Amino acid sequence: MIHADDGSLSEEQRLMRNSCRAFVDDVVTPFIRGNWQREWDMTPGDRLPRAILEGAETIGVRTLGVPVDHGGIELEPGAEVRTFALISEEIARGDSGLADKLVQNWKVSILLRELAPQHLQARWFPRLLADPQFLLAHCLTEPRGASDRWLPYNVPEAAMNTKAVLQGDHWVINGRKQFISNGYDASLYVVYANTDTSKGMLQGTSSFLVPRDTPGLTVAKCNETVGCRFMNNGELVFEDCRVPADHLLVRDLALGSAGQYFRAGKIIQAAKNLGVGVACFERTADYVQNYVQGGRILIKHQAVALRLADMATRIEAVRALVDRAAKAVDEDHPGADVLCNMSKVYASEEIMKVATHALELHGGNGAMLEFGIEKLFRDAAIFLHMDATVDVSRMKIIKNMFPATAGKYAGPES
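Since this is a predicted model, take the numbers as computed values, not measurements.

Caption draft 1: Expanded view of the packing of aromatic side chains. Tallied over the full model, the rule gives 5 aromatic pairs. Seen in terms of ring centroids, F84 and W106 are 5.4 Å apart; in terms of plane orientation they differ by 25 degrees. Their pairing is stacked. Within this pair, whereas F84 is found in helix α3 (residues 80-94), its partner W106 is found in helix α4 (residues 96-115), the two being separated by 22 residues in sequence. The exposure classification of F84 matches that of W106, with both residues buried. With a centroid separation of 6.0 Å and 90 degrees between ring planes, the pair formed by Y287 and F371 is classed as edge-to-face. Placement of Y287 in helix α7 (residues 259-288) and of F371 in the loop between α9 (336-361) and α10 (373-382) is noted, with a sequence separation of 84 residues between them. Grouping aromatic residues by their ring pairs yields a cluster made of Y287, Y291 and F371. Above the ring of W124, the side-chain terminus of R127 is found at 4.5 Å from the ring centroid.

This is the structure:
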């Protein structure tokens with residue numbers, strides 16, 4: 001009941017789900033449970049063993065989104081986003097940080113598949129496929145301006161602080177990006193920068209493909225987060241970073257094209273949340289059926305049973321909305337944007353409640369690091385602001401539903 005298996009999965013989806021589930025149960029969960037101290041290793045590159053990404057490569061889920069023409073695996077037509085959601089849930093059930101690492105590869109691969117010229121695809125997709133440790137990153141957020149930009153504040157003064165200027169046959173990038181998933185250890189970055197200071201953000205932002213070893217690009221630090229710590233979030237600095245002109249992806253209108261990344265991204269984000277919730281439920285259901293308190297196992301206490309039922313109900317409600325939103329994206333339904341944001345908001349808040357129940361039902365053990373429940377609680381908490389804060393997402397829902405009357409949130413009323 002808690003796992004996705006309502007009879008609507010295709011044979012391909014079922015096989016991929018089963019492979020991911022076995023990988024999580026046999027490899028990921030034993031590592032996470034047996035090496036809980038590794039999460040707090042302050043040498044970021046040493047946290048997750050190389051063998052984990054190699055295992056993801058073995059079961060074929062590290063490079064989803066890569067076109068078949070460049071060595072990738074074609075997912076079932078018309079169900080790609082739903083398949084991504086299914087796999088994301090399973091991987092996040094083992095560890096949400098690992099899911100984050102893989103998800104960035106998927107989402108950026110989709111973006112490059114749709115936007116990058118063939119010569120860049122031919123150059124970079126084979127490198128991604130050849131190296132199990134090769135990671136991709138999407139660099140949009142800046143120290144001054146994050147999810148609020150996506151309302152959007154489409155005025156010149158709200159433009160990207162990172163700037164790119166064309167000089168001869170190179171673009172020269174200057175600026176800073178922060179809170180970048182995979183930012184600390186990625187090998188290839190998609191970077192957004194202002195290229196027309198006279199126009200609004202939606203008409204003056206370009207995107208570029210920037211290799212890690214490009215002179216002028218510095219990985220400044222790894223952001224030490226409260227949760228999802230097996231994905232190394234990074235901060236990047238660009239100082240006269242010279243990128244070949246042919247590494248331009250989209251000139252001036254890049255944010256409009258980024259829907260390729262964000263639409264699927266919202267669904268995948270919610271699905272990762274769902275995976276954390278499933279892990280909370282599984283661990284808690286096992287605990288309350290085996291731990292004795294007051295002379296009987298915990299589940300026989302009505303207050304405990306009621307909370308467990310609440311956890312299961314919230315998980316099923318989240319799954320239903322995520323599945324509906326995923327289908328809407330796969331079918332290019334006009335209401336897809338609203339459903340994507342709804343699923344992100346709802347999953348963030350409902351799974352946080354599930355994680356809270358898990359923490360409390362474990363009593364004092366829930367607060368112990370070696371027990372692993374507090375980790376799930378921390379992982380759930382961080383989703384409240386990943387891929388936009390919940391309040392900004394709510395504003396976007398209303399803006400999409402009532403475009404003629406909803407506030408613009410910036411600038412004078414028209």
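Caption draft 2: Main features of the pattern of salt bridges. The full count for this structure, using the stated rule, is 31 salt bridges. The residue E224 makes a salt bridge to R229 at a minimum N-O spacing of 2.9 Å. The exposure class of E224 is partly exposed, given its relative accessible area of 38%. A salt bridge links D391 to R394, with the shortest nitrogen-to-oxygen separation between them at 3.2 Å. Here D391 and its partner R394 are both found in helix α11 (residues 390-401), 3 residues apart, which amounts to about one turn of the helix. On the accessibility criterion, D391 (49% relative accessible area) is partly exposed. One continuous salt-bridge network, built from bridges that share partners, spans R21, D25, E90, R93 and E282.

Caption draft 3: Quick peek at the packing of helix α1 (residues 11-34) against helix α2 (residues 50-58). Two numbers describe how α1 lies on α2: the axes approach to 11 Å, and their chain directions differ by 170 degrees. Classified by the angle their axes make, α1 and α2 are roughly antiparallel. For the pair α1 and α2, the contacting residues are F23, V27 and F31 in the first and I52, G55 and A56 in the second. By residue class, the composition of the contact of α1 with α2 is 5 nonpolar, 1 polar and no charged.

Rules and cut-offs
- Residues numbered from 1 in each chain as written.
- Predicted model: local features only at pLDDT ≥ 70, side-chain atom pairs only at ≥ 80, totals over all residues.
- Heavy atoms only, no water.
- Phe/Tyr/Trp six-rings, centres within 6.5 Å; stacked < 30°, edge-to-face > 60°.
- Helix = DSSP H or I, 4+ residues; strand = E, 2+ residues; numbered from the N terminus.
- Buried < 20%, exposed > 50% of the residue type's maximum accessible area, 1.4 Å probe, protein only.
- Lys NZ or Arg CZ within 6 Å of the ring centre and 35° of its normal.
- Salt bridge = Lys/Arg side-chain N within 4 Å of Asp/Glu carboxyl O.
- Axes fitted to C-alpha atoms, helices over the stretch in contact; angles between N-to-C directions.
- Parallel < 35°, antiparallel > 145°, perpendicular 65-115°, else oblique.
- Contact = heavy atoms within 4.5 Å.
- Nonpolar A, V, L, I, M, F, W, Y, C, P; charged D, E, K, R; others polar.

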